[in-house]
Each structure stands twice: as structure tokens, then as C-alpha cells.
Amino acid sequence: NGPCTKIMIERMATGRDTKNFGNVWLIDKTIDKILQRQNARLIREKATTYDSSFCLTQEDFTGSLPSKVLENSESWKKLQRMVGLKSVKSSIEFLIAQLQWNHERQHEGIPPIDTSLNRLFLGNPGTGKTTVAKLYGQILADAGVLSGSEVLVKTAADFIHSCFGKSEKITKGILNAAKGKVLVIDEAYMLGDCGNQDSPDPIRTGIVDTLVSEIQGGCSEDRCVILVGYRRQMEEMFRVTNPGLARRFPISSAFEFEDYTKEELREILELKLANQALVASDKAKDVAMEVLGRARNSASFGNAGEVDNLLDRAKLHQHKRLANMATPDVKALQILEPEDMDEDFERADRPTAAVKELFNDMVGSDALVEKLEGWQRTVKNVKVLKLGDPRDYIPFNFLFRGPPGTGKTTTARKMGKIFYDLGFLATTEVVECSATDLISKWIGDTAIKTQKVFEKALGKVLFVDEAYQLSPPTGYRTHAPEAVGEMVALLTRDDFRNKLVVILAGYEQEIDKLMATNPGLNSRFADSVNFQHLTSTQCTELLIKSIKMQIEPLPLMKTVPVAIIRNNFKELASLPFWGNARDVQTLAKTVTSKTLASE
């Protein structure tokens, strides 16, 4: 009739009204657990007397004080040694504190406050979610709230079966197999991919309904379920699925796995180098951090996983570098040089002459080249003077105004190369789209469609051609304004601002009309590049240069006076659909083909 016995009876009785209540089997299991704790205590205390094996203490009945769990838990010590994760560590400390309060309430005869072990793990790839889930399970086992410490990892796809009704049985089977364990459901937001709310996916709906039915959240379930995913996608899943799921996994108590800071990534890099018996100079580490800085702009940035990928590439480059040595010594095999981290690591230190060389094949680009060279100098001076993030000193959004064939798309590709060399983009890739790729015919879908395009372009150049179509004629009903509004909102958000280059391209007057449709556009796109019609002289220069590039080894059969070519271009430029450089290139190919076909 002591308090320990009453507490054990109350704990067993909490699951009495559930369908899986074990009755006598539960009593046997509870006694086994008490004896296991007693045995662990006797071993720890090195008890040698015969009578001690017949004595049960409060610790044997109710487990160690939760407040002391973190002092003795090896899993907690491992978690503490992990880089970053301050928010997660604080959340676990608070949970243990809650368990301690309940422990004290029970010993005072006060009913405990129901505390759910189930959690949301929200964060990007490579932030340690699965690793922490395993440690979290062991910590709960150490606290005596789980009978085991095994972690069962599943994805949303593991719950889905093509036959109707089978998915619910699979879900129940997984939950039963997770008794006494931690069940991690990775990419859990895929369970909410129910399509249109008017016609939801019945299979996924059945899975979510089963989860809601089987998971109540109390400690008596002897199971911890963790849903892992990205915050925005998880919020969307809760919005379109059974409301009971959000009540069982409240976002307010989620474990937030934040992206590692620059300093934390460097610490992770140094730890992984040491674990692999590798050495890198400070310069090599600086280059590595520049590579990671560029990769961070990508939507698929893998945090700690990105460090692994970087070192894998670095070791491959090192092996190629050492292949020319007859017998490299052991020390050389341990050292990573800056060129191993990035074969072109000196790109940011190139002189501004490199920009002129990049635009050498484009006529009439002098003003743009001067502007780009100025940005290069700005970035360099900001770094030298340590004035903060250089991104805050140069523009990332541009208007390209001008007629077709004046080099807008080509310029976008070259700007991608320059911004990549400056360390601001993850790749030189240009994502080309038109206004129709941003606009949907369904109400409310345009914003989602626009955001997907922007997500695809993170760390790249987004080139929206014929952007003036986002400003439809008066009286024409369309969802274009929604696309413009979403674009303005995205360029304000920290997860998009200065993490991609956005270019709106089109005719000058039409672009001006577009800018008048939303006041936010002017502040987001303050820089513009004006592309003019090529003069007859510029067209002539481009034609001759293009022909020479293609048939340089062959002598021209006939030489046409430059003046005649120039006059012909004056006449061509007066035509309404003259395509400037585009048509010049077509003309060059025609001349080349006829020259090569002549006898």
C-alpha cells in the first residue's frame, strides 16, 4: 500500500480503456521491468549481500529521477557533443523537466499532467534529425518512459499500398511493431499529398485517419512517434488532412533543426577532417567554406551532408593531383590543398579584365561591362574592409529592357557566371521560364506555381522572358496579378532574398507597364539594363566575326565591301520584325553554308 505501489498501479491503469490493454500480461511485464531496474542498480552498486536481492527500492519501482537522467545518460552526452542544435537540446531539457514535475506530483498523490512523447522534427536535410531521433529514444528509455530504445525509421512510402484498404493494415502493423520503440516517419509531409481538397487521395487519407485513431500521445502507449519534414510542407499537410493529426503533433512543441551557421559548418568540417586523419591548411579551409557558402544558396543544401560531399570531391581531386607523383609519401596523402577543395578557387581574385573577356563576343556591351566591374570592386572592398555581407551592397534583381535579339538571354547566362565567381550562386545555371510558367488557370494555384519556380531557381539565375505578359490588357481576366504579388513577397523573404538572381525581360514600354501594376516591383527591381537595337556597324562587325569563327581555315571565295554590308543592314533594321543579333547569326550560318558548298 506504499506510494511506489500506488504509482505503478496508476501507470498501468492509464491504458485501461485502450483496445490494446494487456491486463495480466501488463502486470507481468511491469514486474519484469521492476526486476530489470533492480538488477541494474545492484550491478551499479556492486551489492554482494544475499538480502539485497530481496529488497526493492523506490528507484526500482518508479525508475530514476528524471532530473538525474541527463547526468548519467550516455546518449545525452553524445547529443551535447554534437555541433549546434541549441534549440533541440533546450527542448529535450524542457521535456525532462516536465517528466520530473510529473514524478513529484505522483509522489504527492497528485495526478500527473499528460505529457506526449510524440514530436515533430522540423528542419532541412543534414541537420541531424535521424541521429537525434536515435539519441532521443535512448534518453526516453533512460528516463523510464519507454521499455526499449530501438529506433524504427520509415518513410511515407512505406505506409502506402496500391490496393484499397491495405494501407490501413500496413499502418497498424508498423505502429504495433513500434511498441517500446521510437518510430521515425521521414518525409511525413508526403502523407498529406491529397491533391485537391474536393477530391482527396483516399489511400493517404486512410493512412492519416489510422494514425489519428491509433496514436493518442500519452506515456502509457509505450511508443514515441516522430514526424520528420520541412516546416512549410508539414504545415500544408496539417491544413489539408484530418485535424486530429495536428492536435497529436502540435507545431508549437516541435523540435526545430536549424541550418548550421557558417561557424558551425567550419567546426563540422574540422571534426570530419580529424576523423579521417586528414589535414587542411587555413587557406584550404577558407576555400572549403566558400564552396559551402555557394552551395548554401541551393534549395537542396545538405548542411553536414554537404561537408561530406565536399570532402569526397576533395579527396578525388587530391588523388588526381598526386597521380603525377611517382611515390607520394604518407604525409602528402593526408594533406588537402586549396585546389583540392575547389579546382578554380582563385576565381574571385581575377582582375576585372575577365569580365571584358567574358563579353568579348557581344557588341554594344560596354556600359554593362563597366557596371559589372564596379560590382566586382564593391564586393572586394566590402570583404577587405569587413563591412558585412557583400550581398547587401549589390543588386540581385534586374529588368532587361529591349527588343528581341539584343543579347538578353546571353547576358543572363554571363551574369550567372559572374555571380557564381563572386560566390553568390550555387551554380552558373540559368532557369528560363515565361509568364505562363508562373500563372495557373485555377484560383489560388498561381502563388503555389510561382513559388515552385522560385524554389527551383534558388542558387541560380531565374530568367523570366516576355515578363510583360504578367501585365495583361485591361479587361482581360487572369491570375497574373497573383503571380506578381507572390513574386514581390518571395523576394522579401529571407529564404529567397539575395539567394538567386531574378531577371524580368521584355520590351521597354511593356516592362514599364508591368512595373506600374504593383508598387512593390519598383523597389525589388531597382536596377535595369537597357538593350538597344544594334547599329548597322555593329551588325556588320558581328556578321564578319561570326563568319570568321566558323570558316577561319578556309579562304573566302569573294570579298564583299563592308560599306555594302552596312547599307544592307540599314535596310534590314527598318523591317518591323528584325531580330538584331539573332538574325545576324542566322545570316552568318547561311553565308557559311553557301561558302562551304561552293566549288
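S.K.: Where do I start with the packing of helix H12 (residues 262–275) against helix H13 (residues 282–295) in this structure?
M.R.: Where H12 contacts H13, the two axes come as close as 11 Å, and the packing angle between them is 125 degrees. Compared by their axis directions, H12 and H13 come out oblique. You can see that H12 and H13 cross each other, and the crossing is right-handed. The residues of H13 that touch H12, namely those facing Lys262, Leu265, Arg266, Leu269, Glu270 and Leu273, are Asp282, Lys285, Asp286, Ala288, Met289 and Leu292.

S.K.: Before we go on, may I ask you to explain the packing of aromatic side chains in this structure?
M.R.: For any two aromatic rings, the description comes down to two numbers: the centre-to-centre distance and the angle of the planes. Scanning all chains against the criterion turns up 15 aromatic pairs. Where phenylalanine 121 meets phenylalanine 257, the ring centres are 5.0 Å apart and the plane angle is 45 degrees; that geometry is what we call tilted. Residue phenylalanine 121 is located in strand E1 (residues 119–123), and its partner phenylalanine 257 is located in strand E5 (residues 255–257); the two are separated by 136 residues in the primary sequence. Each member of the pair, phenylalanine 121 together with phenylalanine 257, is buried. Site record: aromatic cluster; members linked through ring pairs are Trp375, Phe396, Phe398, Phe419 and Phe424. Lying across the ring of tyrosine 420, arginine 294 places its NZ or CZ 4.9 Å from the centre.

S.K.: Which parts of the structure should I look at to understand the sheet that holds strand E11 (residues 501–506)?
M.R.: Backbone hydrogen bonds hold the strands of a sheet together, and the pairing may be parallel or antiparallel. Read from one edge of the open sheet, 5 strands run E9-E10-E11-E8-E12, paired in parallel fashion. The outermost strands of the open sheet, each flanked by one partner alone, are strand E9 (430–434) and strand E12 (527–530). Here the average twist between neighbouring strands, direction ignored, is 20 degrees. In this structure, strand E8 (residues 397–401) lies alongside E12, joined through 4 bridges in parallel fashion. Bridge pairing links arginine 401 to asparagine 530 in E12.

Criteria and cut-off values
- Residues numbered from 1 in each chain as written.
- Predicted model: local features only at pLDDT ≥ 70, side-chain atom pairs only at ≥ 80, totals over all residues.
- Heavy atoms only, no water.
- Axes fitted to C-alpha atoms, helices over the stretch in contact; angles between N-to-C directions.
- Helix = DSSP H or I, 4+ residues; strand = E, 2+ residues; numbered from the N terminus.
- Parallel < 35°, antiparallel > 145°, perpendicular 65-115°, else oblique.
- Left-handed = near helix turned anticlockwise from the far one by under 90°.
- Contact = heavy atoms within 4.5 Å.
- Phe/Tyr/Trp six-rings, centres within 6.5 Å; stacked < 30°, edge-to-face > 60°.
- Buried < 20%, exposed > 50% of the residue type's maximum accessible area, 1.4 Å probe, protein only.
- Lys NZ or Arg CZ within 6 Å of the ring centre and 35° of its normal.
- Pairing = 2+ DSSP bridges.

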